[in-house]
Amino acid sequence: MGQLNAGVVPVTPFQQNCTILFDNDDKTGVVVDPGGDVETILAILGDSGIKITAIWLTHGHIDHAGGAMELKEALGVEIVGPHEADKPLLDNLAVQAQKFGLAGSVRNCTPDRFLTEGETVSFGSHVFEVLHCPGHAPGHVVYYNRAARFAHVGDVLFQGSIGRTDLYGGDHETLIRSIKDKLLPLGDDVGFICGHGPGGRFGDERRGNPYLV
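On a predicted model such as this, the values are computed, not experimentally measured, just so you know.

1. Here's the deal with the pattern of salt bridges
Under the criterion given, the structure shown has 11 salt bridges. Between R113 and E119 there is a salt bridge, and its shortest N-O distance comes to 3.1 Å. Across the pair D204 and R207 runs a salt bridge, and its minimum N-O distance is 3.1 Å. With D204 and R207 both in helix α7 (residues 202-208), this residue pair falls 3 residues apart, about one helical turn. Under the relative-accessibility criterion, D204 is labelled partly exposed at 44%. Counted as one network, the salt bridges with shared partners bring together D188, D204, R206 and R207.

2. Some remarks on the environment of T174
Within the element layout of this structure, T174 appears in helix α6 (residues 172-183). Spatially, the C-alpha atoms of T174 and H136 are 8.4 Å apart, while their sequence positions differ by 38 residues. At a separation of 2.8 Å, a polar atom in the side chain of T174 contacts the side chain of D171.

3. Describing the sheet that holds strand β1 (residues 4-11)
As summarised here, the arrangement of the 5 strands in space is β1-β2-β3-β4-β5, forming an open sheet in which the pairing is mixed. Of all strands in the sheet, those with a lone pairing partner are β1 and β5 (78-80), marking the two edges. Each adjacent strand pair in this sheet contributes to an overall mean axis angle of 30°, direction not counted. Here β1 pairs with strand β2 (residues 16-23) via 8 bridges, running antiparallel. Of the residues in β2, the one forming a bridge with N5 is F22.

4. Overview of the side chain of Q96
Assignment of secondary structure puts Q96 in helix α5 (residues 93-99). One polar contact links the side chain of Q96 to the main-chain amide nitrogen of I62, over a distance of 2.9 Å. Other than its neighbours up to four places away in sequence, Q96 contacts G60, H61, I62 and L89.

5. Thoughts on unusual backbone geometry
The linkage connecting G81 with the following residue, P82, adopts the cis geometry, with an omega of 0°. Structurally, P82 can be placed in the loop between β5 and α4 (87-90). Residue D33 is not a glycine yet carries a positive backbone phi of 60°. Tracing the chain through its elements places D33 in the loop between β3 (28-32) and α1 (38-48). Residue classification places D33 among the buried residues on the basis of a relative accessible area of 0%. Phi is positive for R149, close to 55°, though the residue is something other than glycine. Relative to the assigned elements, R149 resides in the loop between β8 (141-145) and β9 (150-154). The exposure class assigned to R149 is partly exposed, which follows from its relative accessible area of 26%.

6. Quick word on the side chain of D155
Within the secondary structure, D155 sits in the loop between β9 and β10 (157-158). Lacking a salt bridge, the buried D155 has R164 as its closest oppositely charged neighbour, with an N-O distance of 8.4 Å. Setting aside anything within four residues of it in sequence, one finds D155 in contact with H59, D63, H64, H136, H140, G163, G195 and H196.

Criteria and thresholds
Residues numbered from 1 in each chain as written. Predicted model: local features only at pLDDT ≥ 70, side-chain atom pairs only at ≥ 80, totals over all residues. Heavy atoms only, no water. Salt bridge = Lys/Arg side-chain N within 4 Å of Asp/Glu carboxyl O. Helix = DSSP H or I, 4+ residues; strand = E, 2+ residues; numbered from the N terminus. Buried < 20%, exposed > 50% of the residue type's maximum accessible area, 1.4 Å probe, protein only. Polar contact = N/O pair within 3.5 Å; in protein donor to acceptor, adjacent residues only side chain to side chain. Pairing = 2+ DSSP bridges. Axes fitted to C-alpha atoms, helices over the stretch in contact; angles between N-to-C directions. Contact = heavy atoms within 4.5 Å. Lys, Arg positive; Asp, Glu negative; His and termini not counted.

Next up, the structure:
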């Protein structure tokens, strides 16, 4: 088994962390949440020599899924995730774009496969458990690699903060339950990458995140 690695590419004015997860040995990997700036993502992939096998989505907000269809067509791979509860968001990405003055630059997204709690997804020898963690978005999922003690949490949890709950389908109590019942029990040592800004470790958030203590 090669080492699991991650590269973060901040994209669009939202500065969303498009993430490339890849195997250091065989150079296979996936792109998580290509929110836009697809030409930049493709250029980085070309320079790195990483062969992308799929696109994984954590949820259906424009800053995470806005470039998914364009990247799918460029790479010829499937879009996997999120949970089907985010289908209304993915079906209305173009409407979201209009609200942010981005009309015509974003297309609605149709995943090849939605995910449910308890499923696994993988590339190469790296297996990720799927956790359905609503609260920020109804269909938000987290990808957890038990072997590497690593999670991609999207916009559920941030360093010192949590995801917004004032958008469509958001609910503060539900989000806190997702974090406390599904993420923190995985262990203080679990490292995470989030959708915006720097990542961290669950233990630091359990002890010091003002929304959780």
